[in-house]
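Examining the three-dimensional arrangement
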Amino acid sequence: MFEGKIVLLTGASAGIGQACAESFAAAGAHLILAARRLGRIEELAARLKKEHGTDCHLLELDVRDREAVNTAIENLPTPWREIEVLVNNAGLSRGLDKLQEGYWLDWDEMIDTNVKGLLWVSRAVMPGMVERDRGHVINIGSVAGHQVYPGGNVYCATKYAVGALTQGMRLDLVGTRVRVSSVDPGMVHTEFSEVRFRGDSERADGVYQAFPPLQATDIADTVMFCATRPPHVNIQDILIMPQDQAAVFSSYPRGVDKV
Ligand code: NDP
Ligand code: 8X3
C-alpha cells in the first residue's frame, strides 16, 4: 500500500516511533527516520533494510531546534522531498511533581519538544503537502490530552495543546486533500517512564506492573489503520487504552502475570 511512498517519523529511535517505522517498512514505505540518537536509528535502518529491503534517510535531529528542523527538511535530497505521511511522535514527560513544586527546566523541555517541536516539523513539512494537494499528518497525542491527573500538569497541558493543534491543522487544511489524524494512547510500555523518572528503572518498571499495558505495536497498528483508509476518509481522533485502564487514573490492578 505504501510502495515507494515517503513517511517521516519523528522519535523513531524508540517505542512507538520505532514500532511505526517497522509497520510502514513492512507496508513498503521509504522512511525518513528522525531522532537525536543517531546510533539507534542507524541500527533500525540496517535491520529494516535486511528484513524488508527498506530505504531509509536518517536525520539526527532535535525537534526543539527550529533552525535545525528547517534546514533538515529544506535540504532533503530530491528523492526524499515528497513526504506522504508525517508521524509527529517525538515527545516526552519529565517528573510527576506538583505544579507548585515543579521545575521550570522540565516544563521547558516538555513544552519545547511536545508542542513547539511538533509545530516546527509540521510547519516545515505541511507546505509541500498542500502544494502537492496530498498527504497525511498523524499526531501522537495522549489520554493526557483528554484528562488531567495529579502531577501531570504540564505534560497534560502539552497533550491538550497537541489536541488543539490537530483540530487547528484540520480546519486550516479544509479544501486540500491533506488529512490530519490524532492517535491518543493510554499507558504504553516504552521508554516513556524511564525518561519521565530520569533513568530510575525500578520506578519506571513499577508503572507497568499493575495491569497489562498497551505495547508500541498496538499504537503502530492504530496509526496504520488511520494511514490506510481510502482518501475520502479521515480518522480524526482515536483514543486507545489498555483494557484494564478505564480512565487515566482508574484501572483494575490485575497484575501483568495474570492476563
Ligand atoms: P519513548 O521514550 O520510548 O520514545 C520517545 C521518542 O521521542 C524517542 O525516539 C526519542 O528519541 C524522541 N524524542 C524525545 N525528545 C526528542 C527531541 N527533542 N527531538 C527528537 N526526538 C525526540 O516514548 P514513547 O514511544 O512512549 O513516546 C512517543 C510519543 O507517544 C510521545 O509523544 C509520548 O508523549 C506519546 N505517548 C506515550 C504514551 C506512553 O504511555 N508511553 C502514552 C500516550 C502518548 P531521541 O531520544 O533519540 O531523540
Ligand atoms: C502518556 C500516558 O498516562 O502517562 O501520555 O500520561 S500518561
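Residues numbered from 1 in each chain as written. Chains lettered and ligands numbered in written order. Predicted model: local features only at pLDDT ≥ 70, side-chain atom pairs only at ≥ 80, totals over all residues. Heavy atoms only, no water.

1. Some points on the overall build of the chain
Note the cut-off: Put simply, DSSP marks the helices as runs of H or I at least four residues long and the strands as runs of E at least two long, and each gets a number from the N terminus on. The globule rule is 2.2 Å times the number of residues to the power 0.38, and the radius of gyration it is compared with is taken over C-alpha atoms. Relative accessibility under 20% of the residue-type maximum defines a buried residue, over 50% an exposed one, and the middle range a partly exposed one, all with a 1.4 Å probe and only protein chains included. What makes two residues a contact is simply this: any of their non-hydrogen atoms within 4.5 Å. His is not counted, nor are the chain ends; Lys and Arg add positive charge and Asp and Glu add negative charge. Here the site of a charge means atom NZ of a Lys, CZ of an Arg, CG of an Asp or CD of a Glu.
A tally of helices and strands in the chain yields 8 helices and 11 strands. Here the chain has a C-alpha radius of gyration of 18 Å; the compact-globule value for 259 residues is 18 Å, and the two agree. On the principal axes, the C-alpha backbone points of the chain span a range of 50 × 40 × 35 Å. Looking at the chain as a whole, 48% of its 259 residues qualify as buried. Contacts in the chain between residues far apart in sequence, at least 24 positions, make up 72% of those at least 6 positions apart. If you average the places of the 26 positive and of the 33 negative side-chain charges in the chain, the two averages end up 3 Å apart.

2. Digging into the pairing of strand E3 (residues 56-60)
In plain terms, the rule: Note: two strands are recorded as paired if DSSP finds a minimum of 2 bridges between them. For a crossover, the right-handed case is the one in which the path from the first strand over the helix to the second runs clockwise, viewed with the strands pointing away from the viewer.
The side-chain alternation of E3 yields one buried face, formed by His 57 and Leu 59, and one unburied face, formed by Cys 56, Leu 58 and Glu 60. In this structure, strand E2 (residues 30-35) lies alongside E3, joined through 5 bridges in parallel fashion. Of the residues in E3, the one forming a bridge with Leu 33 is Leu 58. You can see the chain leave E2, run along helix H2 (residues 38-52) and come back into E3, and the turn it takes is right-handed.

3. Let's talk about the site of ligand 1
Short version of the rule: Whether a residue is near a molecule or strand depends on its heavy atoms: if one lies within 4 Å, it is near. In protein, a polar contact means a hydrogen-donor-capable atom and an acceptor-capable atom, both N or O and within 3.5 Å, with residues adjacent in sequence counting only if both atoms are side-chain atoms; elsewhere, any N or O pair within 3.5 Å suffices. Any residue outside Ala, Val, Leu, Ile, Met, Phe, Trp, Tyr, Cys, Pro, Asp, Glu, Lys and Arg is labelled polar, Gly included; the first ten of those are nonpolar and the last four are charged.
For ligand 1, the set of nearby residues contains 30 residues, the closest of which are Ser 13, Arg 36, Asn 89, Tyr 155 and Thr 190. Here an oxygen atom of ligand 1 and a backbone polar atom of Asn 89 are 2.8 Å apart. At the level of secondary structure, the elements contributing two or more residues to the shell around ligand 1 comprise helix H1 (15-26), helix H5 (153-172) and helix H6 (192-196). Of the residues contributing to the shell around ligand 1, the split by class is 14 nonpolar, 10 polar and 6 charged.

4. Some thoughts on H2
Rule in force here: To estimate how far a helix should extend, the number of its residues minus one is multiplied by 1.5 Å.
The terminal C-alpha atoms of H2, which comprises 15 residues, lie 20 Å apart, in line with the 21 Å expected from a rise of 1.5 Å per residue. Elements in contact with the buried residues of H2: H1, E2 and E3. At the C-terminal side of H2, Gly 53 shows a positive phi close to 70°.

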